Amino acid sequence: MNTSTQTNDIPENTPAASEGKGVTFTALGLAEPLLRALDAAQYVTPTPIQAQAIPVLLKGRDMLGIAQTGTGKTAAFSLPLLQRLAENREHVGPKATRALILAPTRELAVQIGDALKVYGRQLKLRHTVILGGVSQHGQVRALSRGLDIVVATPGRLMDLLEQRHLRLDKVSHLVLDEADRMLDMGFIRDVRKIVAALPARRQSLLFSATMPPEVAKLAADMLHNPQRIEVTPQKVTVERIAQSVHHVATAQKRALLVSLMQDPALKRVIVFTRTKHRANRVAEQLQKAGVTADAIHGNKSQNARQRALDAFRKGRVRVLVATDIAARGIDVSDVTHVINYELPNEPESYVHRIGRTARAGADGTAISLCDGSERALLRDIERLTRQRLTVIGDEPANDNPERSRPVRGRGRGNAEAKTQRPPRKRSRRSTQGRGKAAKTEAAKSGESKSPAPKAKRLKKKRAKTQGGDTSGHGPFKGRRSAPKNTNRPRRPRAA
Ligand code: AMP
């Protein structure tokens, strides 16, 4: 086992360190099948962690990534992993795997499995996801043939190792995702045992949003001369963005947008819509009105999207109309205004959208067009950001009395903190995770569908975050066992 503690920081002036600006996936050294998959997934530009990590990982180095969900870290480690495995195909025989990805929760393991499916669709590599809470039968069957990648939560993985359904002696690539959550959930000892059972010659990666001492120690023990890459999620200081809302009928939105564009202060504008179709329509309508505009969304080819982005960046096009997904990873500075032609379904998306203005310390302006059907979405946004949007023009006559009261938080922290926290899984319009005031309001308006009793909800939540039960037999019998669906003992989280 390697015990090197040396880490190397990326120098500030390398292109890779420059926030991914202007870098393309092709330039990062990714092979054609992966580029095609990224194109199909509508990824236009690498995120900063992708721009920094991919070239390093393709060279086979170990990496310590300080990054959290939402930064694009899954693609940052999956793309080079898939490429390296595809370049060096090898059948490892039954019950073995070439790569192991450990994730603390079932939800994350499934997400990683889905991402591998998307990115590796052209590569014909075999992977499976191993997690607790479901029958092990299918997992055992998948393992029996031997695989290229196993994504697993530690508990079920330990069970299958103990039952000798899986061998780790062929693992040449290890990814440990969300190591600090592993620690929080009491999995760190299991992780250490798993890592100790791997061949010493391997490429290892560890991702963690924070670096408590125990995680730093684990990183030092399991990584060999790692490249340290740290990305802080973009801080969205919503307080510094001037935010206003126009209450307007759906049919009037188009004319209002055109009239807003008469103001020359709107120099470089991103207009957000919910659908690709609407993005196209709005761009066309603006063009007809004499405003230079282009749309960016998933139905456009990679080249068309890149062209639109370049034209916008260089100021040849004044308005870029985008959907939320297509706008991910777009890093354009000096956006003077964000216009929400349609409000997003998730209030968090509003914060991401308006964060496209006010970048790099500049102040920005966000204007929202809200029709009658979107008022509940507006209330969600105001609750999340704890700010009232300035109403331009008339307040809607029959608006909910809630709007005249001060906006209260819903117990989820402020918007800035929220953007830095891993998103909690929440059904689109469910009331789970909201504050009492919001729940009462939702119940009154019939928004929620009879929430499950508290005990039931807790049980469900625990079941979701447990990586599976453990039995305490076999080669790992010294470890602590945790019965299914009970909380493992929590250790105090280091600062
Ligand atoms: P992650 O931080 O890996 O959980 O990724 C967060 C989200 O960003 C996922 O929905 C990814 O599909 C998406 N994503 C990651 N990288 C990119 C990219 N370069 N362009 C667009 N979307 C991306």
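Residues numbered from 1 in each chain as written. Predicted model: local features only at pLDDT ≥ 70, side-chain atom pairs only at ≥ 80, totals over all residues.

(A) Inspection of the overall build of the protein chain at higher detail. When helices and strands are counted, the protein chain shows 18 helices and 15 strands. When each of the 495 residues of the protein chain is scored for burial, the buried share is 42%. Within the protein chain, counting contacts between residues at least 6 apart in sequence, those at least 24 apart form 76% of the total. (Helix = DSSP H or I, 4+ residues; strand = E, 2+ residues; numbered from the N terminus. Buried ≥ 20, exposed ≤ 12 C-beta atoms within 10 Å, placed from the backbone. Contact = placed C-beta atoms within 7 Å.)

(B) Seen up close, the confidence of the model for the protein chain. Mean pLDDT over the protein chain stands at 77; residues scoring 70 or higher make up 72%. Between residues 400-459, whose pLDDT stays under 50, and residues either more than four places distant or in other chains, the model counts 64 contacts. Note that pLDDT drops below 50 for residues 461-495; the model gives that stretch 76 contacts with residues more than four away or on any other chain. (pLDDT = per-residue confidence, 0-100.)

(C) Examining the pairing of strand S13 (residues 337-340) more closely. Neither face of S13 is left uncovered, since the one carrying His337 and Ile339 and the one carrying Val338 and Asn340 both have all their residues buried. Alignment of strand S10 (residues 269-273) against S13, held across 4 bridges, turns out to be parallel. Bridge pairing links Val269 to His337 in S13. Judged from the 4 bridges that link them, S13 and strand S14 (residues 364-370) form a sheet pairing that is parallel. Bridge pairing in S14 links Val338 to Ala366. (Pairing = 2+ DSSP bridges.)

(D) Broad picture of unusual backbone geometry. Despite not being glycine, Lys95 has its phi angle at roughly 65°, a positive value. Positionally, Lys95 belongs in the loop between helix H3 (73-87) and strand S3 (97-102). Located in the positive-phi region is Arg164, a residue other than glycine, with phi close to 60°. In this structure, Arg164 sits in the loop between helix H6 (154-162) and strand S6 (173-176). According to the C-beta neighbour criterion, Arg164 is exposed, with 10 such atoms within 10 Å.

(E) Spatial organisation of the sheet that holds S10. Taken in spatial order, the 7 strands line up as S11-S12-S10-S13-S14-S9-S15 in an open sheet, and their pairing is parallel. The open sheet has two edge strands, strand S11 (293-296) and strand S15 (390-392), and neither has a second partner. Averaged over neighbouring strand pairs, the angle between their axes works out to 25° when direction is ignored. Lying on the sheet, helix H10 (residues 253-260) is in contact with strand S9 (241-247), S13 and S14; it crosses S14 at an angle near 160°. (Axes fitted to C-alpha atoms, helices over the stretch in contact; angles between N-to-C directions.)

(F) Local environment of helix H2 (residues 48-58). With 10 of its 11 residues buried, H2 lies for the most part within the structure. Residues Pro48, Ile49, Gln50, Ala51, Gln52, Ala53, Ile54, Pro55, Val56 and Leu57 constitute the buried set of H2. For H2, the secondary structure elements touched by its buried residues are strand S2 (63-66), H3 and strand S8 (227-230). Gly60 sits one or two positions beyond H2 and adopts a positive phi of about 95°.

(G) A look at the nonpolar core. In this structure, Val151 and Val321 are the most contacted members of the largest nonpolar core, which totals 115 residues. Counting contributing residues, this core receives three or more from each of domain 1 (15-230) and domain 2 (241-400). Residue contacts for Val151: discarding those within four places in its chain leaves Ile101, Ala103, Ala109, Ile112, Gly113, His127, Val129 and Ile130. (Core = buried A, V, L, I, M, F, W, Y, C linked by C-beta atoms within 7 Å. Domains from an automatic or database assignment.)

(H) Examining the packing of H3 against helix H4 (residues 106-119) more closely. At a minimum axis distance of 10 Å, the contact between H3 and H4 shows a crossing angle of 50°. On the basis of their axis angle, the class for H3 and H4 is oblique. For the crossing formed where H3 meets H4, the hand is right-handed. Residue-level inspection shows Thr74, Ala75, Ser78, Leu79 and Leu82 of H3 in contact with H4, the latter providing Gln111, Ile112, Ala115, Leu116 and Tyr119. Grouping the constituent residues of the contact of H3 with H4 by class yields 7 nonpolar, 3 polar and no charged. (Parallel < 35°, antiparallel > 145°, perpendicular 65-115°, else oblique. Left-handed = near helix turned anticlockwise from the far one by under 90°. Nonpolar A, V, L, I, M, F, W, Y, C, P; charged D, E, K, R; others polar.)

(I) Expanded view of the packing of H2 against H3. Between H2 and H3, the shortest axis-to-axis distance is 9 Å and the interhelical angle comes to 25°. Between H2 and H3, the angle is such that the two are roughly parallel. For the element pair H2 and H3, the recorded crossing hand is right-handed. For the pair formed by H2 and H3, the contact residues are Ile49, Gln50, Ala53, Ile54, Leu57 and Leu58 on the first element and Lys73, Ala75, Ala76, Phe77, Leu79, Pro80 and Gln83 on the second. Looking at the contact of H2 with H3 residue by residue, the class counts come to 10 nonpolar, 2 polar and 1 charged.

(J) Region of the structure containing the environment of Gly113. Its location among the elements puts Gly113 in helix H4. Sequence separation between Gly113 and His127 is 14 residues, and the spatial gap between their C-alpha atoms is 7.7 Å. Once residues within four sequence positions are removed from consideration, Gly113 is found in contact with His127, Val129 and Val151.

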